[in-house]
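In case you want the letters, here they are:
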Amino acid sequence: MTPTSGRLPAVRLRLIEVLLVGVLGSAMISWWAWRDAAPGHPADPVGVEAGPWLAGLAGLILLLAAWLRSAALRGYRLVTATVWSVPMLLTRPVLSLDGWAYAAQGWLLLHGHNPYLVPQSQAGPLAARVDGHWAATTAVYPPGSLWIQAAMTWLAHSDPYWSVVAMRIPAVVAMILIAVVVSRRTVRMAADIEVALWFSVTNPFVLLHIVGGMHNDGLQTAVALWSLWIGLLLARAGRPWLALVVGGLLVGVSGTIKQPGVLAGLGLVALVHRQAVGDGDRDGWGALVGRAAVGAIAAVAAFAGISAIGGLGMGWLNPTAGNPVSVTSDSPIALVVQVIGWTGVPISSMVPIATGVSLVLTGLAIVWCWWRWGPVPGWSGGQHRHHYLGRSPAMGSLGRPMILQAAVLTAFALFGAGLQPWYLIGPLVLVCLKPLSRRELAGLAAAVVIGTGLGFLQWFSSPFLALPLAGLAAVGCWWTPALRRGLDRVAADLSAGGAQPLGTDQTVRGPLRSD
């Protein structure tokens, strides 16, 4: 909505304010990231190291404050995200050392070594920068990521600094791809495009971890989103089988960037099936299984084709690859392993058991998510007055594909062997594509602020300290009237001026068949 002439000066002043405050915060975070090259507590908390640490903390507060203040600035989401990202482009990896591992793996592949056989400690001038826990391990990422990393290292002529900075090129591409698909996808739903962009692109949580941390989760999420979008467009054009083939190929590409990308195949099949049945095709198990098979064949073909390049294959499954269970993370399974390890049980002996438990729990959770939100031919709900094993009688047989996809990714993250805050970027983007009530907007904004703070805190401390503090912050947001009023104002700013304003407890539901 274009501001009225009377409000224009106020809007411009607010825009200048959030741009300046946000870019200052981003610059302070970038300076801290440059000075604080390794995670852990400051060795001299009252001396020289206190300066960058405090600058990083102040920068984070400024960036989050600017983001919350920008809620009312409809029409400026992409400009804001671009300006805030600039200071991060040339600094060292932010809130993670993964960027150095990417550069090291790219260096190995570029110099004729197989990253699935040669550990990162052999990556020439980049070896010293790799996190010590992973230095002796081989690559855990699929070949698609390795070839991208090698290409970036080639662009940088294997220079250590420019190689790691070049890893932001795929990250920026990911942000652009996400922005495009979010802008187009919300047009097809009853969601507000300004709200969706505010959460998925302008969001400091996303910017810090994709642009700052250069995590490949960004590009994996972007390609997965495109598989869903292209699949839905083709299905709506009356080409469901082509939708499954093209979408499936993109699912396979997403999976070769990072393994969770293959889970987008579930959402793709659910979306295409829902659209096809709405257009008059059969709603039966045979049709659903057939569509799933076509999508799976296309995804496997893409995954296998990329994996075959250079003979890399499935080397990420080698026992020499790093296992996230062996380190402390936010994963409940990994936390339990660490606690048992305190009793003297070798962590290495628990890795196979923990991995097996993770696979079983993840599989069960995905099956339940499908039952809860996926297509179930023959289900009418009429035979049940209330929820049956979690499925609403009003769900119908076609389900809610986008919610299914978000739930599956969340389940994969929570029950996985390792969990980092940036693993939740995919579910976050998908959630903001659905219509949200003001209460949901306020809750999601609070979750973003807490999650961003959690990522910063975990640079200095263990999840055993950071997670309880994040939990206390969540309780504070719920029980503190002043904080709740502040979040309510943010939600009101977000929904004000939208095409479909949202009530306090009411979710606007559109007549669309793809959510």
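Above: the structure in question.
Since the model is a prediction, treat every value here as computed from it, not as a measurement.

### Remarks on the overall build of the protein
In terms of regular secondary structure, the protein is built from 20 helices and 0 strands. Out of the 515 residues in the protein, the part that is buried amounts to 53%. Restricting to contacts in the protein with at least 6 residues of sequence separation, those with at least 24 account for 74%.

### Topic: the packing of helix α19 (residues 463-479) against helix α20 (residues 481-495)
Remark: α19 packs on α20, axes separated minimally by 5 Å, with the N-to-C direction vectors making an angle of 80°. By the angle between their axes, α19 is roughly perpendicular relative to α20. Note on element contacts: α20 touches α19 through Pro-481, Leu-483, Arg-484 and Leu-487, opposite Gly-476, Cys-477, Trp-478 and Trp-479. Here the residues of the contact of α19 with α20 sort into 6 nonpolar, 1 polar and 1 charged.

### As for helix α4 (residues 98-110)
Over its 13 residues, α4 extends 18 Å from the first C-alpha to the last, a length consistent with the 18 Å expected when each residue adds 1.5 Å. Across the 13 residues that make up α4, a large majority, 12, are buried. Along α4, the residues classified as buried are Asp-98, Gly-99, Trp-100, Ala-101, Tyr-102, Ala-103, Ala-104, Gln-105, Gly-106, Trp-107, Leu-108 and Leu-109. Summarising the contacts, the buried residues of α4 are in contact with α5 (143-155) and α6 (160-166). Among the residues trailing α4, Gly-112 stands out with phi positive, at a value near 85°.

### Notes on the pattern of salt bridges
Two side chains of opposite charge can pair, provided their charged atoms sit close to one another. For the coordinates displayed, the defined rule picks out 5 salt bridges. Asp-217 is the salt-bridge partner of Lys-258, the closest N and O atoms lying 3.0 Å from each other. Residue Lys-258 is located in the loop between α11 (240-257) and α12 (264-278), and its partner Asp-217 is located in helix α10 (residues 217-236); the two are separated by 41 residues in the primary sequence. Residues Lys-258 and Asp-217 agree in their burial class; the two are buried.

### Here we look at the packing of aromatic side chains
The full count for this structure, using the stated rule, is 16 aromatic pairs. Ring centres 5.7 Å apart and planes at 75° place the aromatic pair Trp-34 and Tyr-161 in the edge-to-face group. Taken together, the residues Trp-34 in helix α1 (residues 8-35) and Tyr-161 in helix α6 connect sequence positions 127 residues apart. When its relative accessible area of 23% is taken as the criterion, Tyr-161 is described as partly exposed. Where Tyr-102 meets Tyr-141, the ring centres are 5.5 Å apart and the plane angle is 80°; that geometry is what we call edge-to-face. Of the two residues, Tyr-102 sits in helix α4 while Tyr-141 sits in the loop between α4 and α5, which places them 39 residues apart along the sequence. Considered together, Tyr-102 and Tyr-141 belong to a single accessibility category, that of buried residues. Through a chain of ring-to-ring contacts, the aromatic side chains of Trp-32, Trp-53, Phe-456, Trp-459 and Phe-460 assemble into a single cluster. A cation over an aromatic ring shows up here: Arg-92 above the ring of Trp-34, its NZ or CZ 4.8 Å from the ring centre. Over the aromatic face of Trp-100 sits the side chain of Arg-129, whose NZ or CZ is 5.2 Å from the ring centroid.

### Quick word on the nonpolar core
For soluble globular proteins, the rule of thumb is that nonpolar side chains tend to be buried together. Core analysis: the biggest nonpolar cluster contains 118 residues, and Trp-32, Ile-178, Val-182, Trp-198, Phe-199, Leu-208 and Leu-430 have the highest contact counts within it. For Trp-32, the residues in contact, after removing those within four places along its chain, are Pro-52, Trp-53, Gly-56, Leu-95, Phe-456, Trp-459 and Phe-460. Counting 8 residues, the second largest nonpolar core, distinct from the first, contains Tyr-116, Ala-139, Leu-146 and Ala-150.

### Section: a nonpolar patch on the surface
A cluster of nonpolar side chains, contributed by Val-86, Leu-89, Leu-90, Trp-162, Val-172, Ile-176 and Val-180, occupies part of the molecular surface with about 580 Å² of accessible area. Broken down by element, the nonpolar patch gets its largest block of residues, 3 residues, from helix α7 (residues 168-187). Among the structural elements, Leu-89 can be located in the loop between α3 (77-85) and α4. Leu-89 gets classed as partly exposed once you look at its relative accessible area, which sits at 30%.

### Quick word on the side chain of Ser-254
Along the chain, the position of Ser-254 falls in helix α11. Among the residues examined, Ser-254 registers a relative accessible area of 0% and is labelled buried. Those residues in contact with Ser-254 that lie beyond four places of it in its chain are Gln-220, Val-223, Ala-224 and Gly-261.

### Points about helix α13 (residues 285-308)
The periodicity of an α-helix, 3.6 residues per turn, causes residues three or four places apart in sequence to face the same way. For α13, built from 24 residues, the straight-helix expectation of 34 Å at 1.5 Å per residue is met to within 8% by its first-to-last C-alpha distance of 34 Å. Turning to α13, its buried residues are Ala-287, Leu-288, Arg-291, Gly-295, Ala-298, Ala-299, Ala-302, Phe-303 and Ser-307. The inward-facing, buried residues of α13 contact α5, α11, α12 and α15 (347-373). With its phi angle positive at about 70°, Gly-310 sits one or two positions after the end of α13.

The rules behind the values
Residues numbered from 1 in each chain as written. Predicted model: local features only at pLDDT ≥ 70, side-chain atom pairs only at ≥ 80, totals over all residues. Heavy atoms only, no water. Helix = DSSP H or I, 4+ residues; strand = E, 2+ residues; numbered from the N terminus. Buried < 20%, exposed > 50% of the residue type's maximum accessible area, 1.4 Å probe, protein only. Contact = heavy atoms within 4.5 Å. Axes fitted to C-alpha atoms, helices over the stretch in contact; angles between N-to-C directions. Parallel < 35°, antiparallel > 145°, perpendicular 65-115°, else oblique. Nonpolar A, V, L, I, M, F, W, Y, C, P; charged D, E, K, R; others polar. Expected span 1.5 Å × (residues − 1). Salt bridge = Lys/Arg side-chain N within 4 Å of Asp/Glu carboxyl O. Phe/Tyr/Trp six-rings, centres within 6.5 Å; stacked < 30°, edge-to-face > 60°. Lys NZ or Arg CZ within 6 Å of the ring centre and 35° of its normal. Core = buried A, V, L, I, M, F, W, Y, C linked by side-chain atoms within 4.5 Å. Patch = residues over 30% accessible without salt bridge, like charges linked within 9 Å, V, L, I, M, F, W, Y side chains within 5 Å. Areas by Shrake-Rupley, 256 points an atom, 1.4 Å probe, with all protein chains shown as cover.

As far as function goes, none of this settles anything; it's purely spatial.
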